[in-house]
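One-letter residues, chain by chain:
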Amino acid sequence: PTGFGISYSYSAGQPQLPRSSSEVFTSSVLLAHGLGTPQSKSVISDLERLSNQGDYEPSEAGSSEHSRSIAFTECDLNKSTMSTSSASVGTDTDDSFDLGQAPPSPHRNHSIYANNNNHLRRCLEVMNFIPVVSTGVDGKDPMGMLRFQARVAIITPILTACYTRHGGSSHLAVEGLSELLDRDFFASDVNMQQDSSSKITLLDVVVQVVCDVATMGTQEAHLFDCVEFVEAAVKYGCGHLNTRTVGYVLRFYLFVFYFGVSTPTAASFESWGLGKGFDQRLLVDPRESGLKYLPGGAPQSAVLSLKDLISFSIARLQSLTKAELFLIENTQNRGSGANILAPDIFNNLIDNLVEEVVNTSVHRVDIANYTQLAMHQIYRSGGSELFWYDMMNSCGVGLFGQDTVLGEETRSTYSLCFALLANCVKVASSRIRRDKRSEGIPRDVASKLMSLEMLHFFIQTWEERYEDMQVPGSKSFDTFLFCIRRLVVPCLLSNTKDALDDPRVYRRVIRIVGVILSSPVYRKHMKLELGILLEHFVLKILRLRPQILHKKGKGEGENTFLFAQQIELMKEIKAWFSGDRSCLLELFLNFDTENSTHHVGGGKELLAGIQWNICQQIIASLCSISEQCGEFIAEQIRESQSMTSMTSPRAAAQDEHVILDGISGITLARESAQRLRTGAVEAISRIVFALLEAGVDSKGPHFRGLFRSWVVDPHDLERFNADDDSSSPNSECKDNREGSKNSKQDSGDNNGDEVVTEKVSHLNVAFGIARDKGLRKAIDYLIACNILTPSPRDIASFLRIHREELLPKDLGNYLGEGGTDGSETEYWNLIRFSYIRAISFVGMTVEQGLRHLLTNGGFHLPGEAQQIDRIMTTFSQCYWEDNAGDPSNCPFQDQDTVFLLSFAIIMLNTDLHKQAPAVGKKKHQHKRMTKSEFLSNLRGVSKVDELHQDYLSRIYDSIEARPIVLNDDSESCLDDIQSLLESMADSAKSADALLRGLSVHEYRFVTLDDHGYDMKGDAHQVNGELARKFMSKTWHHFHGLINAALEIAHLDFKGMESCVNVLEYALGLTICLDMPMERTALLGQLGRFRLFNAWRQGEVTTHLSANHESCKSEDWYMAIDKACSETGNEFGRLHSLEMVHELIQDLGLNIAVDVEGRKAVREAVRRLQNAEFLLNDPTRKFLRQGNLLKRANRSGRLSEYQFFLFSDMLIYAKKVSGSSQYKIHEELPLILMKVVDWFPRDMKREAKRGFEVYHPRKKFMVYCTSQEERKSWVHSIRSAIDTELERKVAIEAARMAAGKSH
């Protein structure tokens, strides 16, 4: 408007918001009620403003006071000249006034330029950039100009005092401006409510001056007052400020924040939550929770004010778009009565369609270019004021200036919001600099955290308000979403390295990803970006092994742990799927089904050839983390219960150094593993709960009523009641029964083909499990699906038939498995024998047979010595059966000689052909085994005759000439987490380049409504089918998770307890959706749960069998199986769900935590050095402690020790000099301990005060101070031994009873 010589003003008499000093306008209030709609406008040309004696405001092109006064006094002389080049516009000609026809600024034709005073002319031209302050006074208000002059006279000395740097004048001046603001001094500036891009008011001038003064003075005491005034001014104007002023305010807020975090104090850092090791949400206003001050001072106030500025801007845009919608509706209503001829509608239909397609394509290319230009400006270094100008005028006008459907003010506000978004992205895209200790610079870290939170707030606020911003025929809304798509996603990818280095950065990045995933509007427009973000920030983090915290080993560099990132990610996954279940179902629909490669315009596919399977990978990764953490915890408990002093956990604990706040490495590892497992299981449970909710919805109100009783979380119950279906239960159950009948009847003809297809599908799933989790879990899955029997012969046959699909390394590890007891050991021996016995060794020497087995057997020899021992034992057995009695090939007298010679061949092959280790830059010269050494090592191996030297010599020559390949050297090691993190950071650049190249394409995100329309079915039924597909593709992960928890339940009962909800929800879903195979497998797991729990609690009765397979004959199992097997028996399924819920509740797994008991154990551990291993077993209890005398077995000397008695262990320790702690001398498990308190008469001292401890590791005499104390100690130890023995027997019986049938 300045270029055309036009200014805008609004008519007076409009209702205003009250602005008393006691009222505070917050962003929440404005967002809730909006900013109101603009009032009627009147347009006044610069010519009329100059010729009006009541308005002293010159044209927008006027600059200095001198030029303005001259223009006013010579107005009459040049009136005729200017009137010929200006448009005559009335007060009601907004719609008819054509800005394109407006003349240039009248000053260019003013007579003063014809004057010979060239110096004055040049001065006016130089000062032409100075903006003109609008008065907002029209010619009809004779007193308006006087009021304006009075306001200028009042404010001029105050603004002058702001620049005075001594005597506290600037501080008093800012206080005076605040007083004027409270007294509605600037009410007339806000009353104009004119387009903020076309004028500047006194309020704008004051705000700019205060921002300028604060940045020039940089006095910390002065900043808070300036921030308070600017914040109050922005709220007073409800965001109606000049766009240049908004840029001033933005830069001022950032300056105050940077100044505060660059000079950290206790107030602005630790108290605010920005110090090292702190993490607090910076945009949370503590005053809303009752706090009367801001702990962070001016920097925190500036951040909260910037948050309000974004809220005002988005709210203002919302109010403007509402006004646009209102005008369009009124226009359509007025034109609805016009007669429109039918032929005119179709005359240019084809031309219009072609023009629309072309315009849309051109528009996409244009906005892609402008957003790329914005990204270029974001990543370059430059001044912030220039950047704001580029975003507002170059990029903003290019993106939104061509939208003729919207008014100028609305387009300008779009540009303003875009500039705010671009500034947030610019700050968030900056890198964190590191100091010499590789720690982030505090200013950079604080800036990163604040900007990411601000970006999260921006896109979340935009998503909450988007419904009122869509104007028919306008492309600005979709354009802004495209801007979010092209600015926010590359910004997140650029933060990959910082997110991996700092969990606080990752926490904010993953929350932004969560907003994009949870928002329907973002999902619709950002399908490709969403897939890449989930792959990059979610799946890659979950695919890493559990980031259990532990100390670094000797010779290792600094370890990189992503424990905090994994914990935060699991929390976010739980939050994503705790709300609307459509988020989970739509994610599965678009990335795990055929819609993941849905065709879009131009035949474009969503990265054709890539199998996304995001939901399946999330489930698989979470289950894998939980299982690995459970194995780690069980191993720790197993080590703490070890009876061998060489493997005592204390020996390892003494090597542990304190690595975090007084916590040793062993304690840190245990606690981190437990937290990871808990987070993973809770996320899995939430996902299965959402699936069950969708399945229940598809079955009608009766199922919903039953399911409501399962809900514990009040938020879930509230949402469930809100979505309750009001349809008739009887009719819906009837429809479901008829639908089930028809579907089963229709599928009867193709039953055979479906069985074959289903078997192939299960085999493919099993091969995937073998690659990801190991062959053992894949075999368990096939047994659970009834594809494979647990017979050793059938398993061996399966391994031989499908060995091409299996990794040789996995097959070798599986064949090397061994059991924990006699029956399991025999079972694995039979599997190995059945597999190796199928290979013929007839007519071969031992070396030839072993080479044939290891080369053509389909597996690689494992690296563990015990596994090699088992395979060699089976090989020697099979070789002996084929060649016994052949003196040329098998000149041995027994099978043991074959075993020893086979082992010697393996060792010879390794010794002759292993690579020499590098020491520095030189390789270590390894001494190879000679033939004579090989022959001498095998002397005396045979129990009868010595081995033939020629036979052994030929073996040595063959191995030396042709080595046996024992493993696959082509497999890459993925255990180096550091290399994985580096590759992850590098992949962010390629992902950004990919998105940039595909940004012009639109990929369709299929919603549940779209899918229901395509399937032509009821929404609830369609959701139920999606839940069925989801469960059919992921149930084996749930089954494996529960199975792994049951296998270690005798060591870690908490692991089994944590999986009970997963079992209940998964089993309920299979019953609800009629999935017989999955239901049978999970019912078997429930039987194992019940058996283990009954044996553990000592409640085994005749109705509970000793084997979980026989639970199929129990009443509860047969009742559920019968009810679910009947076609269309919906009420039977209801009863089955009820029974499952009751059975789970009757287990009583939620054992109340013995707080006092655990506290006593921790207190005892604190008194002992390096005793954190005692906390590994959650069932361990502390019983008593005391000072006793122990007699040395050799010298007979008495020494005082402190004895600690636990429920499973007796420890005696020596007090450390100068410390209150005790150093452990020995710990003895009670399971093999015996206490003797009877002695012969000649041992009077022992008979009165002593007792003897017998243990396989130690035997010693202990003396008490009195006979009563001796009696008490003996009773306590014996009671503990009996209790521990009963517990061990019960746990072992429970483990065997709940074990697999094989």
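Residues numbered from 1 in each chain as written. Predicted model: local features only at pLDDT ≥ 70, side-chain atom pairs only at ≥ 80, totals over all residues. Heavy atoms only, no water.

1. Overview of the overall build of the protein chain
From N to C terminus, the protein chain includes 51 helices and 13 strands. Per-residue burial for the protein chain yields a buried fraction of 51% across its 1302 residues. For the protein chain, the share of sequence-separated contacts (at least 6 apart) that also reach a separation of at least 24 residues comes to 71%. Taken as a whole, the protein chain presents about 60,200 Å² of accessible surface, with 52% of it coming from carbon and sulfur. (Helix = DSSP H or I, 4+ residues; strand = E, 2+ residues; numbered from the N terminus. Buried < 20%, exposed > 50% of the residue type's maximum accessible area, 1.4 Å probe, protein only. Contact = heavy atoms within 4.5 Å. Areas by Shrake-Rupley, 256 points an atom, 1.4 Å probe, with all protein chains shown as cover.)

2. Focus: the pairing of strand 13 (residues 1259–1263)
Within strand 13, four of the five residues are buried, which leaves it mostly tucked inside the rest of the structure. Here strand 7 (residues 1182–1191) pairs with strand 13 via three bridges, running antiparallel. In the sheet register, L1189 faces strand 13, and the bridge partner there is Y1263. Direction of pairing for strand 12 (residues 1250–1254) relative to strand 13: antiparallel, over a ladder of five bridges. (Pairing = 2+ DSSP bridges.)

3. Some thoughts on the pattern of salt bridges
Summed over all chains, the structure comprises 41 salt bridges. Between K1054 and E1057 there is a salt bridge, and its shortest N-O distance comes to 3.6 Å. With K1054 and E1057 both in helix 44 (residues 1053–1058), this residue pair falls three residues apart, about one helical turn. Look at the salt bridges and you will find they share partners, linking R507, R511, E568 and E572 into a network. (Salt bridge = Lys/Arg side-chain N within 4 Å of Asp/Glu carboxyl O.)

4. Considering the packing of helix 18 (residues 476–494) against helix 22 (residues 527–543)
Contact geometry of helix 18 with helix 22 gives a least axis separation of 11 Å together with a crossing angle of 10°. By the angle between their directions, the pair helix 18 and helix 22 is classed as roughly parallel. Residues R485, V489, L492 and L493 of helix 18 form the contact with helix 22, whose own contacting residues are E529, L533, H536 and F537. Of the residues assigned to the contact of helix 18 with helix 22, the class counts are five nonpolar, one polar and two charged. (Axes fitted to C-alpha atoms, helices over the stretch in contact; angles between N-to-C directions. Parallel < 35°, antiparallel > 145°, perpendicular 65-115°, else oblique. Nonpolar A, V, L, I, M, F, W, Y, C, P; charged D, E, K, R; others polar.)

5. A few points about the packing of aromatic side chains
The tally for this structure, following the rule as stated, stands at 34 aromatic pairs. Ring geometry for F591 against W612: centres 5.6 Å apart, planes inclined by 70°, an arrangement best described as edge-to-face. Of this pair, F591 sits in helix 24 (residues 582–591) while W612 sits in the loop between helix 24 and helix 25 (614–640), placing them 21 residues apart in sequence. The exposure class assigned to F591 is buried, which follows from its relative accessible area of 0%. For W612, a relative accessible area of 7% puts it in the buried group. Arranged with centres 6.5 Å apart and planes meeting at 70°, the rings of F1203 and W1273 form a pair that is edge-to-face. Here F1203 is found in strand 8 (residues 1198–1206), whereas its partner W1273 is found in helix 51 (residues 1267–1297), with 70 residues between them in sequence. One exposure class covers both F1203 and W1273, and it is buried. (Phe/Tyr/Trp six-rings, centres within 6.5 Å; stacked < 30°, edge-to-face > 60°.)

6. A short note on the sheet that holds strand 11 (residues 1234–1236)
A sheet is described by the order of its strands in space; here seven strands give the open sequence 10-9-8-7-13-12-11, paired in antiparallel fashion. Edge positions in the sheet fall to strand 10 (1222–1229) and strand 11, since each has one partner strand and no second. Across the sheet, the axes of successive neighbouring strands diverge by a mean angle of 35°, strand direction being ignored. Two elements, strand 9 (residues 1209–1215) and strand 10, share seven bridges in a ladder whose sense is antiparallel. When the bridges of strand 10 are listed, Y1212 appears paired with E1226.

7. Let's talk about helix 38 (residues 895–913)
The terminal C-alpha atoms of helix 38, which comprises 19 residues, lie 28 Å apart, in line with the 27 Å expected from a rise of 1.5 Å per residue. Those residues of helix 38 that fall on the buried side of the exposure criterion are T897, V898, F899, L901, S902, A904, I905, I906, L908, N909, D911 and L912. (Expected span 1.5 Å × (residues − 1).)

8. Observations regarding the environment of I839
Assignment of secondary structure puts I839 in the loop between helix 35 (822–837) and helix 36 (846–856). Separated by 18 residues in sequence, I839 and G857 place their C-alpha atoms 7.8 Å apart. With sequence-adjacent residues up to four places away left out, I839 is seen in contact with H852, L853, G857 and D882.

9. Structural notes on the confidence of the model for the protein chain
Per-chain confidence: the protein chain averages 75 in pLDDT, with 72% of residues scoring 70 or above. For residues 338–343, every residue scores under 50 in pLDDT, and the model assigns this stretch one contact once sequence neighbours within four places are set aside. Contacts of residues 597–604 to residues separated by more than four positions or lying in other chains number 14 contacts, the stretch itself having pLDDT below 50. (pLDDT = per-residue confidence, 0-100.)

10. Remarks on the packing of helix 32 (residues 775–784) against helix 33 (residues 792–801)
The N-to-C vectors of helix 32 and helix 33 enclose an angle of 115°; their axes lie 12 Å apart at closest approach. The chirality of how helix 32 crosses helix 33 is right-handed. Mapping the contact onto sequence places L775, I779, L782 and I783 in helix 32 and I795, F798 and L799 in helix 33. Grouping the amino acids of the contact of helix 32 with helix 33 by side-chain chemistry returns seven nonpolar, no polar and no charged. (Left-handed = near helix turned anticlockwise from the far one by under 90°.)

11. What to know about the pairing of strand 8
Look at any regular strand and the pattern is simple: side chains alternate between the two faces of the sheet. By the criterion of burial, strand 8 is predominantly enclosed, with seven of the nine residues buried. As judged from the nine bridges shared by strand 7 and strand 8, these two strands associate in the antiparallel manner. Paired with K1190 across the strands is S1199, a residue of strand 8. The antiparallel hairpin formed by strand 7 and strand 8 contains six residues in its connecting segment, where G1196 sits at a positive phi of about 75°. As judged from the four bridges shared by strand 8 and strand 9, these two strands associate in the antiparallel manner. Directly across from F1204, in strand 9, lies its bridge partner I1211.

12. Re the nonpolar core
Nonpolar side chains in soluble globular proteins tend to end up buried together. Counting residues in each nonpolar core, the largest one holds 300 residues, and the members touching the most others are W462, I573 and L799. Ranked by residue count, the leading element in this core is helix 27 (residues 665–697), at 16 residues. Of all hydrophobic cores here, the second largest spans 20 residues; its members include F1203, F1260, W1273 and I1277. (Core = buried A, V, L, I, M, F, W, Y, C linked by side-chain atoms within 4.5 Å.)

13. A word on the side chain of R851
Mapped onto the fold, R851 is located in helix 36. Setting aside chain neighbours within four positions, we find R851 in contact with N856, S958, I959, R962, P963 and I964.

14. Topic: unusual backbone geometry
Peptide bonds are mostly trans, and most non-glycine residues show a negative phi. The residue D184 is not glycine, and still its phi comes out positive at about 60°. Tracing the backbone through its elements, the reader meets D184 in the loop between helix 7 (169–182) and helix 8 (187–192). Residue class for D184 comes out partly exposed when judged on its relative accessible area of 35%.

15. Regarding the environment of S384
Along the chain, the position of S384 falls in helix 15 (residues 384–400). The class for S384 is partly exposed, based on a relative accessible area of 37%. Between the C-alpha atom of S384 and that of N423, which follows or precedes it by 39 residues, the distance is 8.8 Å.

16. Describing the environment of N1043
By secondary structure assignment, the location of N1043 is in helix 43 (residues 1019–1047). Sequence separation of N1043 and Q1085 is 42 residues, and the distance between their C-alpha atoms is 7.3 Å. Only 2.4 Å separates the side chain of N1043 from the side chain of R1088, close enough to count as a polar contact. (Polar contact = N/O pair within 3.5 Å; in protein donor to acceptor, adjacent residues only side chain to side chain.)

17. Re helix 49 (residues 1155–1166)
Taking 1.5 Å of rise per residue, the twelve residues of helix 49 would be expected to cover 16 Å, and the 17 Å separating its terminal C-alpha atoms lies within 8% of that figure. Among all positions of helix 49, only R1158, V1161, A1164 and V1165 are buried. Along the axis of helix 49, the buried residues cluster in a sector spanning 120°; they form a single face. Exposed side of helix 49, more than 90 degrees from the buried face: V1155, E1156 and R1166 are the residues found there. Next to the buried residues of helix 49 lie strand 7 and strand 8. (Arc of directions from axis to C-beta.)

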